[in-house]
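Architecture and fold: a report
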Amino acid sequence: MIDEPGPWGTGPFTLVQGASSILTRNAIMSPDPYTCSWLIESEDRTPELVLEANLEHWNRAARGPRVQRAVFRNDLSPSQALELCCSTEGEVDILTEVNPADAERVLASAYARLVTVDANRVLTCILNRGRADVPLNSVDVRKALNFAVNKQRIISDGLLGYANEIAALTPPWCSGYPQDAHPYPYDPAEARRLFEKGGWPSGRPIRIASPSPFVGITQLMAGDLRGALDVAVEVMVVPDDALLPGLRALVEKKLDLPWDVLVHAWFDLSSEAPPAAVHREFFGTDGAFRAGPPDEGFDRLFHRMATSLEPGKLVEIAEEIDRYCFDNALAVFLCAPQALYAVNNHISFGPYKTTFEIAEVTVDEEHWSRRVGAVQSGSNRPKPGFSGASGNAC
């Protein structure tokens, strides 16, 4: 948390203007041993954050910085930032987290181009294995749900192609991805057979909860489940003001959850051992997103990985963990969405799979900040580097 103006930082850039802080609250899973997760309740950001090059950085030759100044603008909505990036110069040079629905807008721009990367993020469905009235503790029912969902259609229609299929929770480009892994195919007949074998009660609908950004994808899933399993499906849209209380209920595991399936996205800041930050959160005893009882088989495997000191062995166990999650269908595994950026045509920007980094960003001679006499339309801000934007742009 940086809650007052800088200068701050010893990396390629220092923060010299503006501040950014978050307010968190811990959700307690267990008092003994003490286990909790910190939930973001609110964010407090100044209209602009200004970074300036750290000319004393120890690794300038390899790491940068390559520009003098970067300005992050928090005074713009995502739609405003997209419009400025695609229609003007001198206001927004890089916009992160472009919605797939806006990709065509970027592709048609005369000022910006679309940059995509296979990111370390997953979109999956949490299964409430603790429900007493439906057999989500049955591996047959869980596999049936996986066979019933057409993941390719979710990618093509729901995410407009900007995603990749995954077998379980490890993307194919990460360490720990099983080389023999294959996603569950779309097989309505096998889904129906396993669903009936698992004993889903007649007349009981499947209840799917979804945050508002994933409603379209959830509706596609619901249609697949209705068609493949001949079952009613209820979609429960979680209002924005109910997201935090709902997440707290999931994390603390003290209240009955009203849904069977929850569409949920998550990410990893490392490509080395995905189970540490991803699989554990969904299935581990101390996992924030686990819905239902602990899974002893998963916990045994994770303990082996957590205590492994040899890198090759760690990767081997990580693969075994991903395979275990697949074999036991511990979730409905959907896809790994790509990260999309709108980038000014005169900026060189290579995205990371994990985080948004600007140390290696360069601008060419035609960039607005380097043209003699360039005037930044509608603003009197200094222009010695590249422009930035709000939580979604810079």
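Residues numbered from 1 in each chain as written. Predicted model: local features only at pLDDT ≥ 70, side-chain atom pairs only at ≥ 80, totals over all residues. Heavy atoms only, no water.

Filter applied, for reference: UniProt positions are given in the numbering used here, feature names are shortened, and annotations may be inferred rather than shown by experiment.
Looking up the chain in an unreviewed UniProt entry gives the name ABC transporter substrate-binding protein, with the organism given as Pseudonocardia aurantiaca. A UniProt comment under Sequence similarities (unreviewed entry) is attached to the chain, and it reads "Belongs to the bacterial solute-binding protein 5 family."

**Things to note about the sheet that holds strand 4 (residues 48-53)**
Threshold: Two strands form a pair only when DSSP identifies at least two bridges running between them. We count a stretch as a helix when DSSP gives it H or I for four or more residues in a row; a strand needs E for two or more, and each element gets its number in order from the N terminus. To define axes, lines are fitted to C-alpha atoms, for helices over the stretch in contact only, and angles between the resulting N-to-C directions are given on a 0 to 180 degree scale.
Read from one edge to the other, the open sheet built from three strands follows the order 1-4-5, with strand pairing classed as antiparallel. Looking along the sheet, the strands with just one partner apiece sit at the ends: strand 1 (13-17) and strand 5 (69-73). Pairs of neighbouring strands in the sheet enclose a mean axial angle of 30 degrees, with direction left out of account. Note that strand 1 and strand 4 share four bridges and pair antiparallel. Paired with Phe-13 across the two strands is Ala-53, which belongs to strand 4.

**A word on the pattern of salt bridges**
Note the following rule: The salt bridge criterion pairs a side-chain nitrogen of Lys or Arg with a carboxyl oxygen of Asp or Glu, the two atoms within 4 Å. When accessible area is computed with a 1.4 Å probe and restricted to protein chains, residues below 20% of their type maximum are described as buried, those above 50% as exposed, and intermediate ones as partly exposed.
Tallying each qualifying case throughout the model produces 25 salt bridges. Between Arg-131 and Asp-260 there is a salt bridge, and its shortest N-O distance comes to 3.4 Å. With Arg-131 in the loop between strand 8 (121-127) and helix 4 (139-148) and Asp-260 in the loop between helix 8 (243-252) and strand 12 (261-267), this pair connects stretches of sequence that are 129 residues apart. Across the salt bridge formed by Arg-204 and Asp-260, the nearest N and O atoms sit 2.9 Å from each other. With Arg-204 in the loop between helix 6 (188-198) and strand 10 (206-211) and Asp-260 in the loop between helix 8 and strand 12, this pair connects stretches of sequence that are 56 residues apart. You'll find Arg-204 and Asp-260 in the same group, each marked buried. A single salt-bridge network, built from bridges that share partners, covers Arg-131, Asp-133, Arg-204 and Asp-260.

**A closer look at the side chain of Arg-280**
What counts, and what does not: Contacts between residues were defined by any pair of non-hydrogen atoms, one from each residue, lying within 4.5 Å.
Tracing the chain through its elements places Arg-280 in helix 9 (residues 279-283). For Arg-280, a relative accessible area of 16% puts it in the buried group. Excluding residues within four positions of it along the chain, Arg-280 makes contact with Pro-275, Asp-286, Gly-287, Phe-298 and Phe-302.

**Overview of the packing of aromatic side chains**
Heads up, the condition is: Working definition: rings of Phe, Tyr and Trp (its six-membered ring) pair if their centres are within 6.5 Å, and the pair is stacked with planes under 30 degrees apart, edge-to-face with planes over 60 apart, and tilted otherwise.
Per the stated rule, a full pass over the model turns up 13 aromatic pairs. Aromatic pair Phe-282 and Phe-283: ring centres 6.1 Å apart, planes at 45 degrees, arrangement tilted. When sorted by exposure, Phe-282 lands in the same class as Phe-283, which is buried. A ring pair is formed by Phe-283 and Phe-298, whose centres lie 5.9 Å apart and whose planes are at 75 degrees; its orientation type is edge-to-face. You can see Phe-283 sitting in helix 9 and its partner Phe-298 sitting in helix 10 (residues 296-306), a full 15 residues away along the chain. Judged by its relative accessible area of 3%, Phe-283 falls in the buried class. Taken together, the ring pairs connect Trp-266, Phe-267, Phe-282, Phe-283, Phe-289, Phe-298 and Phe-302 into an aromatic cluster.

**As for helix 10**
Test applied: Of all possible arcs, the one meant is that of the directions from the helix axis to the C-beta atoms.
Within the span of helix 10, buried status applies to Gly-297, Phe-298, Leu-301, Phe-302 and Met-305. Along helix 10, the residues classed as buried sweep out an arc of 125 degrees about the axis, all on the same side. Those residues of helix 10 that are exposed and angled more than 90 degrees off the buried face are Glu-296, Arg-300, His-303 and Ala-306. Here the buried face of helix 10 lies against helix 9 and helix 11 (311-327).

**Some remarks on the environment of Ile-321**
Within the secondary structure, Ile-321 is located in helix 11. With a relative accessible area of 0%, Ile-321 lands in the buried category. Spatially, the C-alpha atoms of Ile-321 and Leu-76 are 42 Å apart, while their sequence positions differ by 245 residues. Dropping the residues within four chain positions of it, Ile-321 is found in contact with Pro-275, His-279, Phe-298, Leu-301, Phe-302 and Met-305.

**Comments concerning helix 11**
In an α-helix, one turn spans 3.6 residues, which is why side chains three or four residues apart end up on the same side. We count it as follows: Given a helix with a known number of residues, its expected span is that number minus one, times 1.5 Å.
Here helix 11 contains 17 residues, and its C-alpha end-to-end distance of 24 Å stays within 8% of the 24 Å for a straight helix at 1.5 Å per residue. Among all positions in helix 11, only Ile-317, Ala-318, Ile-321, Asp-322, Tyr-324, Cys-325 and Phe-326 are buried. Residues of helix 11 that are buried sit in contact with helix 9, helix 10 and strand 13 (331-337). Among the residues trailing helix 11, Ala-329 stands out with phi positive, at a value near 45 degrees.

**Let's talk about the sheet that holds strand 11 (residues 233-238)**
Pairing is mixed in the open sheet, where six strands are placed in the order 9-13-8-12-10-11. Pairing within the sheet leaves two strands with one partner each, and these edge strands are strand 9 (163-165) and strand 11. Each neighbouring strand pair of the sheet contributes to a mean axis angle of 30 degrees, computed without reference to strand direction. Sheet topology places strand 10 next to strand 12; two bridges connect them, and they run parallel. Counterpart to Ala-209 in the pairing with strand 12 is Leu-262. In the packing of helix 4 onto the sheet, the strands contacted are strand 8, strand 10 and strand 13, and the crossing angle to strand 13 comes to about 35 degrees.

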